[in-house]
Amino acid sequence: MIYKIKFGGTGKPKKVSGTSSSKLGGKKMIIVLKPNTKKEEIEHVIEEVKNKGFKPVPFEGDERTVIHALGAVRDDSPDSFRSIRCVEDVVRILKPYKLASKEHHSQKTIVRVGDVAIGNNDFVVIAGPDSVETEKQIIESAKIMKKNGIKIMRGSAFKPRTSPYDFQGFGIEGLKLLKKARDKTGILVETEVMDVRDVPIAAQYADILRVGARNMQNFDLLKELGKVDCPVILKRGMSATIKEFIMAAEYIMASGNKNVILCERGIRTFETAYRNTLDLEAVVVLREETHLPIIVDPSHATGNREWVIPLCKAAAAAGADGILVEVHPDPEKALCDGAQSLYPEQLTRLLKELKPICAAVGKKL
Ligand code: PEP
Ligand code: MN
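Residues numbered from 1 in each chain as written. Chains lettered and ligands numbered in written order. Predicted model: local features only at pLDDT ≥ 70, side-chain atom pairs only at ≥ 80, totals over all residues. Heavy atoms only, no water.

**Concerning the overall build of the protein**
Of the regular secondary structure elements, the protein holds eleven helices and 14 strands. Taking the principal axes of the C-alpha coordinates as reference, the protein spans close to 80 × 40 × 40 Å. Each of the 365 residues in the protein was classed as buried or not, and the buried ones make up 53%. Intrachain contacts of the protein at a sequence separation of at least 6 include 71% that bridge at least 24 residues. In the form shown here, the protein has an accessible surface area of approximately 17,100 Å², with 52% of it arising from carbon and sulfur atoms. One finds the centroid of the 58 positive side-chain charges in the protein at a distance of 2 Å from the centroid of its 48 negative side-chain charges. (Helix = DSSP H or I, 4+ residues; strand = E, 2+ residues; numbered from the N terminus. Buried < 20%, exposed > 50% of the residue type's maximum accessible area, 1.4 Å probe, protein only. Contact = heavy atoms within 4.5 Å. Areas by Shrake-Rupley, 256 points an atom, 1.4 Å probe, with all protein chains shown as cover. Lys, Arg positive; Asp, Glu negative; His and termini not counted. Charge placed at Lys NZ, Arg CZ, Asp CG, Glu CD.)

Structural data, given as structure tokens:
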């Protein structure tokens, strides 16, 4: 039903102190009153809205009044207003995402991989080189990670490169080397998957699959990832809104895989001094909107290893559940992203400096 509200004057809402509503919608009901409802009855509904814990924002028109009720709307909330005599209808504004939404699932999701839990009180560091390069390089990387107490190593075998002439990754051979490093050291491994056809094999070799920023809205890939029994790190597209980001997670979840970890990795802005702009506000807002674990990748946001450590600390302070960070045994020789890859000793320093920050926000590192 469409309600045509004819407003008198400016049609602006009546001033009610302290009202605000999420731009993502959802925490709101619209209570439509019958035409020519008397002032006292309107006041009564406003009182009821307040009594039930909502903030009322009335819009008085020439023909009818509607009242926006802002707050945590439960399934039975609309009915509690429908029984009031002057109320014609109550419309609940729903979020476009359901499975990923906190409205659907108020408890935080904890994604478990081996003996690691992502999304509880632990702060999880996933670290490793951009790519799997050689057997020696990936096994050495795994040893460095283990020495630093890292339980999950990253390493891409499939590479989404801007130029088709740049290093494209070693594909399935790379997956095999990653598995070799896993078998040799016991470290869990995380890797990117770009093509729908590679999802089953990548899920066989890796413990966590990653959707890169460039594929955040590759809906066929997301649907395929919904079918595997393997946690997925979903990176935010470089021009994706928070809503589009959560909707992408919704695709994976709606296809059957609930183990999704959101990863903020920097977005495109007018700023050119660094590779991307790390949007830490996303951590705070995603936390409010979803129950999914949230991690941050400062390596791809900065493009410069000197800026990675402070931003990892900022991510922890903002309440992230972990970080994804590039570390290479010899960054100067890296086939991809060497400039943003930490030296092994920088990883050790990062972990030391993260500890008090994690403790201050109630996280264990
Ligand atoms: C990566 O993690 O190596 C990567 C390519 O990141 P992004 O998709 O965020 O650019
Ligand atoms: Mn990279």
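The discussion continues.
**Considering the coordination of the manganese ion (ligand 2)**
Ligation of the manganese ion (ligand 2) by protein atoms is provided by D130 (OD), H300 (NE2), E326 (OE) and D337 (OD), these donors lying 2.0 to 2.1 Å from the ion. One chain supplies every donor for the manganese ion (ligand 2), spaced along it as D-x169-H-x25-E-x10-D. Of the two residues, E326 sits in strand β14 (residues 322-326) while D337 sits in the loop between β14 and α11 (344-360), which places them eleven residues apart along the sequence. Residue E326 is classed as buried on the basis of its relative accessible area of 0%. (Donors = N, O, S within 2.8 Å, 3.2 Å for Na, K, Ca; no water.)

**So, the pairing of strand β10 (residues 208-211)**
Burial along β10 is two-sided: the face carrying I208 and R210 and the face carrying L209 and V211 are both buried. Viewed along the sheet, the connection from strand β9 (residues 188-192) through helix α5 (residues 199-205) into β10 turns out right-handed. The pairing of β10 with strand β11 (residues 232-235) spans three bridges and is classified as parallel. When the sheet's bridge partners are listed, R210 is paired in β11 with I233. Note that the unit made of β10, helix α6 (residues 219-225) and β11 has a crossover that is right-handed. (Right-handed = clockwise from strand over helix to strand, strands pointing away. Pairing = 2+ DSSP bridges.)

**Things to note about the domain arrangement of the protein**
Domain assignment breaks the protein into domain 1 (3-92) and domain 2 (111-360). Look at where the C-alpha atoms of domain 1 and domain 2 centre, and you get two points 44 Å apart. (Domains from an automatic or database assignment.)

**Overview of the nonpolar core**
Ranked by size, the top nonpolar core spans 70 residues in total, and within it L225 and L234 carry the most contacts. Considering every element that reaches this core, the biggest residue donor is helix α7 (residues 242-254), with seven residues. (Core = buried A, V, L, I, M, F, W, Y, C linked by side-chain atoms within 4.5 Å.)

**Focus: the site of ligand 1**
Of all residues adjacent to ligand 1, which total 13 residues, the nearest are R154, A213, R214, K235 and R265. Interatomic distance of 2.8 Å between a side-chain N/O atom of R214 and an oxygen atom of ligand 1. Within the side chain of H300, one N or O atom sits 3.1 Å away from an oxygen atom of ligand 1. Broken down by class, the residue content of the shell around ligand 1 amounts to two nonpolar, two polar and nine charged. (Near = heavy atom within 4 Å. Polar contact = N/O pair within 3.5 Å; in protein donor to acceptor, adjacent residues only side chain to side chain. Nonpolar A, V, L, I, M, F, W, Y, C, P; charged D, E, K, R; others polar.)

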